[in-house]
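So you can see what is in the structure, the chains are spelled out below.
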Amino acid sequence: MLKVEHIGIAVKSLETSIPVYEKLLNTPCYKQEAVASENVITAFFQTGENKIELLEATAAESAIARFLDKKGEGIHHIAFEVADIYAEMERLRSEGFVLLNETPKKGADNKLICFVHPKNTNGVLIEICQEIR
Ligand code: ZN
């Protein structure tokens, strides 16, 4: 994997959390993007070569809504950039990791993404992502 691309943080409200993170990181939110398939709205901040992604649920069946119910606000996932998401998914599968989607799906920020089940990663939800070229 190439680097930590971003850290995803589940929030109840982007409206209240964006100004907090703009102040904390001293940089403006550069993009808000809805991902309809995931029932979330995302907000991105650039911090050096990494990003922070805030995630707000737009529906009760959203994974973010379920996460907030169970655990409350906080770090939701760590995303690693990969050069070839298909090859990386195959490698992870062969190592025994459980992937939460069979094929890469379209994520926010012009990415193909795949999630790795936290049961094999010490409770941490891992995302791998590849820039769509
Ligand atoms: Zn993410």
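Numbering of residues starts from 1 in each chain and follows the order in which that chain's sequence is written. It should be noted that, the model being predicted, local features are given only for residues of pLDDT at least 70 and side-chain atom pairs only at 80 or more, the latter also being counted only at that level, while totals for whole chains, interfaces and linings use all residues. Hydrogens and waters are ignored; side-chain quantities use all the structure's heavy atoms.

1. A look at the side chain of Thr42
Right, so step 1: A run of H or I in DSSP counts as a helix once it spans at least four residues, and a run of E counts as a strand once it spans at least two, with each numbered from the N terminus. Among the secondary structure elements, Thr42 is positioned in strand β3 (residues 40-47).
Right, so step 2: Here's how the labels work: a residue is buried when its accessible area is under 20% of the maximum for its type, exposed when over 50%, partly exposed in between, all with a 1.4 Å probe on protein chains only. Using a relative accessible area of 1% as the deciding quantity, one classes Thr42 as buried.
Right, so step 3: Whether two residues are in contact is decided by their heavy atoms, any of which lying within 4.5 Å being enough. In this structure Thr42 touches Leu14, Lys31, Gln32, Glu33, Val35, Glu53, Leu54, Leu55 and Ala108, once residues within four positions along its chain are discounted.

2. Comments concerning the coordination of the zinc ion
Right, so step 1: Metal sites are built from N, O and S donor atoms within 2.8 Å, or 3.2 Å for Na, K and Ca, and they leave out water, so they may look incomplete. For the zinc ion, the protein coordination sphere consists of His6 (NE2), Glu53 (OE), His77 (NE2) and Glu127 (OE), at 2.1 to 2.2 Å.
Right, so step 2: When four donors show all angles between 85 and 135 degrees the site is tetrahedral, when four or six donors have opposite pairs over 155 degrees and all other angles between 65 and 115 it is square planar or octahedral respectively, and in every other case it is irregular. With 4 donor atoms in place around the zinc ion and angles of 83 to 169° between them, the coordination shape is irregular.
Right, so step 3: Of note, the zinc ion draws all its donor residues from one chain, in the sequence arrangement H-x46-E-x23-H-x49-E. Of this pair, His77 sits in strand β5 (residues 74-81) while Glu127 is found in strand β8 (residues 126-131), placing the two residues 50 residues apart along the sequence.
Right, so step 4: Among the residues examined, His77 registers a relative accessible area of 2% and is labelled buried.

3. Some remarks on the sheet that holds strand β2 (residues 31-35)
By way of backbone hydrogen bonds, the strands of a sheet pair with one another, either parallel or antiparallel.
Right, so step 1: Any two strands are treated as partners once DSSP identifies two or more bridges connecting them. Across the sheet, 8 strands lie side by side as β2-β3-β4-β1-β5-β8-β7-β6; this open sheet has mixed pairing. With one partner strand each, in any of the chains shown, β2 and β6 (105-107) form the two edges of the open sheet. Sheet twist, expressed as the average angle between the axes of neighbouring strands with direction ignored, equals 35°.
Right, so step 2: Strand direction decides the pairing type here: β6 and strand β7 (residues 111-116), joined by 3 bridges, are antiparallel. Counterpart to Lys105 in the pairing with β7 is Ile113.
Right, so step 3: Helix axes use the C-alpha atoms of the stretch in contact, all axes being lines fitted to C-alpha atoms, and the angles between their N-to-C directions lie in the range 0 to 180 degrees. Docked against the sheet, helix α1 (residues 14-25) engages β1 (3-10), β2, β3 and β4 (50-57), running at close to 5° with respect to β3.
Right, so step 4: Seen against the sheet, helix α3 (residues 85-94) touches β7 and β8 and runs at an angle of roughly 155° to β8.

4. A few points about helix α2 (residues 63-71)
Right, so step 1: For α2, every residue scored as buried is listed here: Ile64, Ala65, Phe67 and Leu68. Angularly, the buried residues of α2 cover 160° about the axis, an arc narrow enough to put them on a single face. For α2, exposure combined with an orientation more than 90 degrees from the buried face picks out Asp69 and Lys70.
Right, so step 2: Among the structural elements, β1, β3, β4 and β5 are those in contact with the buried residues of α2.
Right, so step 3: Sitting at the amino-terminal end of α2 is Ser62, which places a side-chain oxygen 3.0 Å from the backbone nitrogen of Ile64.
Right, so step 4: Immediately downstream of α2, the backbone of Gly72 shows phi near 80°, a positive value. Think of it as the arc spanned by the lines of direction from the helix axis to the C-beta atoms. Polar contacts, as used here, are pairs of N or O atoms within 3.5 Å; protein pairs need one atom able to donate a hydrogen and one able to accept it. Residues neighboring in sequence count only if both atoms are side-chain atoms.

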